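The residues making up each chain are set out below.
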Amino acid sequence: MDLSRGILVTGAGGQLGAALCAEFQPDARVIPLTRKEWDVTLPPPAGLPEVDVVLHAAAWTDVDGAEASPQDAAAVNVGGTQHVLELGAPVVLFSTDYVFDGHKREPYGESDAPNPLSVYGRTKLQAEAVAGEDAWIVRTSWLHGWAGTNFVRTMLRLGAERDEVSVVDDQRGSPTYVGHLAAAVRELLDLPQGRWHLSGGGDCTWADFAEATFETAGIDCHVRRIATAELDRPAPRPAYSVLRSERADAPELPHWRDGLRASMERLSG
Ligand SMILES: NC(=O)c1ccc[n+]([C@@H]2O[C@H](COP(=O)([O-])OP(=O)(O)OC[C@H]3O[C@@H](n4cnc5c(N)ncnc54)[C@H](OP(=O)(O)O)[C@@H]3O)[C@@H](O)[C@H]2O)c1
């Protein structure tokens with residue numbers, strides 16, 4: 001794609017937004033908009049320049065909070081996507097593995113039928129419908145990076161404070177380093193619009209991911225493997241949400257263990 005007019009990034013203060021800006025800023029004109037600069041529940045601010053593409057990374061991502069505030073979550077995820085489309089530029093919408101119910105035991109492809117279990121998942125699926133055929137719809141999973149909070153940063157904090165942490169061992173997915181996803185998005189811009197599953201290679205449970213985090217960081221903290229039911233969280237989550245692309249030309253992301261190493265190097269650097 002010709003990017004001579006530039007790229008607008010919504011949610012630029014979030015973990016994916018920050019990675020998208022870092023990926024494209026060296027060679028393109030990037031307009032990073034945080035929530036302060038554009039609250040996407042409102043129409044686009046006046047005076048935004050024309051761009052070649054909008055990377056729409058702003059979202060309500062508090063999965064449990066969405067259960068108590070479904071209208072607020074929809075205002076951001078569905079209404080926000082409508083407002084982004086008003087710009088009239090091609091859009092990359094980021095969606096989630098939580099559009100699936102997790103009943104499969106082999107990776108979900110783009111043609112699998114979604115059936116979200118949570119309010120968050122439903123709002124993201126509605127956002128996909130709003131974005132329509134003309135958008136790139138990137139479904140991804142278990143993001144971690146250097147901006148904002150995420151599982152890896154939480155484990156590093158807890159591991160430094162405690163000898164043991166309890167982590168669920170009955171949800172399986174694919175952790176994805178935002179730097180690797182952002183590089184894949186660059187490739188995607190030269191591929192056709194439509195749904196694309198882009199996640200880190202391989203899969204694991206959250207408990208496996210916590211253990212790998214401690215191993216990589218050299219932290220001596222025991223992971224107690226627990227069932228999701230023990231946590232009693234408001235939002236149901238899919239037990240299995242590994243994503244793989246069925247499309248031969250899909251950008252391939254490195255294995256999640258390589259993503260974890262890259263993420264921790266970035267965090268410590
Ligand atoms: N995190 C994951 O594991 C995961 C997995 C699959 C898919 N995704 C999808 O990937 C995308 C990026 O997620 P992420 O992990 O980067 O999330 P994030 O770190 O929570 O970033 C989301 C950003 O959106 C901003 N935002 C929230 N409400 C807004 C509003 N009304 N107007 C403008 N900005 C608003 C947030 O700002 P504040 O910080 O000020 O609230 C934050 O900077 C989202 O579409 C998400 O659904 C995420």
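Shown above is the structure to which this text applies.
Residues numbered from 1 in each chain as written. Predicted model: local features only at pLDDT ≥ 70, side-chain atom pairs only at ≥ 80, totals over all residues. Heavy atoms only, no water.

Comments concerning the side chain of Ser 95
With respect to the secondary-structure elements, Ser 95 resides in strand 4 (residues 91-96). Here Glu 128 takes part through its side chain, which lies 2.6 Å from a polar atom of the side chain of Ser 95. In this structure Ser 95 touches Lys 124, Glu 128, Ile 137, Val 138, Arg 139 and Thr 140, once residues within four positions along its chain are discounted. (Helix = DSSP H or I, 4+ residues; strand = E, 2+ residues; numbered from the N terminus. Polar contact = N/O pair within 3.5 Å; in protein donor to acceptor, adjacent residues only side chain to side chain. Contact = heavy atoms within 4.5 Å.)

Description of the pairing of strand 5 (residues 136-140)
Successive residues of a regular strand alternate their side chains across the two faces of the sheet. Within strand 5, 5 of the 5 residues are buried, leaving the element largely enclosed by the surrounding structure. Burial along strand 5 is two-sided: Trp 136, Val 138 and Thr 140 facing one way and Ile 137 and Arg 139 facing the other are all buried. Sheet topology places strand 4 next to strand 5; 5 bridges connect them, and they run parallel. Counted as the bridge partner of Phe 94 is Val 138 from strand 5. Note on the crossover from strand 4 through helix 4 (residues 119-131) to strand 5: the handedness is right-handed. Pairing geometry for strand 5 and strand 10 (residues 194-197), over 4 bridges, is parallel. What sits directly across from Arg 139, in strand 10, is His 197. (Buried < 20%, exposed > 50% of the residue type's maximum accessible area, 1.4 Å probe, protein only. Pairing = 2+ DSSP bridges. Right-handed = clockwise from strand over helix to strand, strands pointing away.)

Description of the nonpolar core
In this structure, Leu 20, Phe 24, Leu 55 and Phe 94 are the most contacted members of the largest nonpolar core, which totals 34 residues. Listing elements by their share of this core, those giving two or more residues are strand 1 (7-10), helix 1 (15-24), strand 3 (53-56), strand 4, strand 5 and helix 6 (178-188). Not counting residues up to four positions away in its chain, the partners in contact with Leu 55 are Ile 7, Leu 8, Val 9, Thr 10, Leu 20, Phe 24, Val 92, Phe 94 and Val 185. In terms of nonpolar packing, the next biggest core, distinct from the first, is built from 28 residues, Ala 66, Tyr 120, Trp 142 and Leu 260 among them. (Core = buried A, V, L, I, M, F, W, Y, C linked by side-chain atoms within 4.5 Å.)

Quick look at the packing of aromatic side chains
All told, the structure shown has 9 aromatic pairs when counted by the stated rule. Measuring from ring centre to ring centre gives 3.6 Å for Trp 142 and Trp 206, while their planes differ by 10 degrees; the resulting arrangement is stacked. Here Trp 206 lies in helix 7 (residues 206-217) and Trp 142 lies in the loop between strand 5 and strand 6 (143-144), a separation of 64 residues in the sequence. Residue classification places Trp 206 among the buried positions, given a relative accessible area of 13%. One aromatic cluster in this structure is built from Trp 142, Phe 151, Trp 206, Phe 209 and Trp 256. The ring of Tyr 108 carries the charged tip of Lys 104 above its face, separated from the ring centre by 5.2 Å. (Phe/Tyr/Trp six-rings, centres within 6.5 Å; stacked < 30°, edge-to-face > 60°. Lys NZ or Arg CZ within 6 Å of the ring centre and 35° of its normal.)

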